[in-house]
Amino acid sequence: MSVPTTALPAGEAISILGQGTWYMGEDDRERARESDALRLGLDLGMTLIDTAEMYADGGAEEVVADAIEGRRDEVFLVSKVLPSNASRQGTIEACERSLRRMRTDRIDLYLLHWRGSHPFAETVEGFEALMRDGKIRHWGVSNLDLAAMKDLMKVPGGGAVQANQLLYNLTRRGIEFAFKPWCLRQGIPIMAYSPIERGRMLRDARLRAVAERHGATPAQVALAWLLRQKGVIAIPKASNPAHVRENRAALDLRLDEHDLATLDSAFPPPRMPRPLEML
Ligand SMILES: NC(=O)c1ccc[n+]([C@@H]2O[C@H](COP(=O)([O-])OP(=O)(O)OC[C@H]3O[C@@H](n4cnc5c(N)ncnc54)[C@H](OP(=O)(O)O)[C@@H]3O)[C@@H](O)[C@H]2O)c1
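My aim in this report is to walk through the structure given alongside it, one point at a time.

Cut-off values and rules
Residues numbered from 1 in each chain as written. Predicted model: local features only at pLDDT ≥ 70, side-chain atom pairs only at ≥ 80, totals over all residues. Heavy atoms only, no water. Buried < 20%, exposed > 50% of the residue type's maximum accessible area, 1.4 Å probe, protein only. Helix = DSSP H or I, 4+ residues; strand = E, 2+ residues; numbered from the N terminus. Pairing = 2+ DSSP bridges. Expected span 1.5 Å × (residues − 1). Contact = heavy atoms within 4.5 Å.

**Looking at the pairing of strand E7 (residues 164-167)**
Here's step 1: Judged by which residues are buried, E7 turns out to be covered on both faces: Asn164 and Leu166 on one side and Gln165 and Leu167 on the other are all buried.
Here's step 2: Where strand E6 (residues 136-142) lies against E7, 2 bridges are found, and the strand directions are parallel. Paired with serine 142 across the strands is glutamine 165, a residue of E7.
Here's step 3: Summarising the sheet, E7 and strand E8 (residues 190-193) pair through 4 bridges and their orientation is parallel. Following the sheet pairing, glutamine 165 is matched in E8 by methionine 191.

Written out as structure tokens, the structure is:
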């Protein structure tokens, strides 16, 4: 089965299962293994790669460069500008540094990593200049809560936001109360980061029980739970090739009503608004 897609507000279809890169590029001895893992993921159809200038101070973007060498056109490349760089000119310069590190001429989706002190209007102007120059194809945000999204929408051009990358997994369901429905009503996809909670949730007995019923692993259940939701994209990070294969196979896992009820009782949905969590 090919990886299903969801539509950006601009209409472009992007894969709902991608690959993260946080902590890649930290250790020179691991870089070849990390880029091999990303290439394996590309071979399996996980063509969305998420990175950021912050990760390993640009080191993760260098790992991505090795992974996409010779196959740039297969990839939907996401990177992020640090809030401290997100003035109009700073955004442009940060993007140009990222492009050099990734040895490419364009980023498909460029995100503001979180809200900082530079006004949204300036960051959006930087994004628009980058789009005019063909250096980015779309822009979006990360770690913005509902109030921040509403502020963004008020600035000129702010309505062109294409995605919000948020901490979202079975153990972090706060956005379900009102925020996720709001984003989806606006047609803005949620890119779920840390979809297996960096591995911390995998020992949970109730999660394991659901996995056992299907002959699957807890990570696959956690991913399948996200992937069945409309407008949600999951970006697990895996340097281990066995994990890469396992994550891809999560797309074949169908959770039934009984599974979903077990997961809801183990990881209850929110009953009231909660402040946005981030890592
Ligand atoms: N916008 C933001 O602020 C933000 C914040 C955090 C993360 N992110 C993005 O989201 C991506 C994913 O989040 P994350 O890296 O924090 O956490 P994650 O994807 O939830 O977990 C990654 C960890 O889980 C392990 N793993 C992966 N697949 C597994 C499997 N099938 N079974 C068991 N363990 C497995 C990985 O090990 P191995 O590497 O050894 O395979 C790694 O230690 C990041 O890499 C980054 O691109 C964005």
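After that view, the rundown keeps rolling.
**Details of helix H3 (residues 88-102)**
Here's step 1: Taking 1.5 Å as the rise per residue, H3 with 15 residues should run 21 Å; its terminal C-alpha atoms sit 22 Å apart, in good agreement.
Here's step 2: By the burial criterion, the buried members of H3 are Gly90, Thr91, Ile92, Ala94, Cys95, Ser98, Leu99, Arg101 and Met102.
Here's step 3: As for H3, its buried residues are in contact with helix H2 (59-68), strand E4 (76-81), strand E5 (107-112), helix H4 (120-132) and E6.
Here's step 4: Immediately downstream of H3, the backbone of arginine 103 shows phi near 50°, a positive value.

**As for the side chain of serine 87**
Here's step 1: Within the secondary structure layout, serine 87 lies in the loop between E4 and H3.
Here's step 2: Look at serine 87 and you get buried, because its relative accessible area is 19%.

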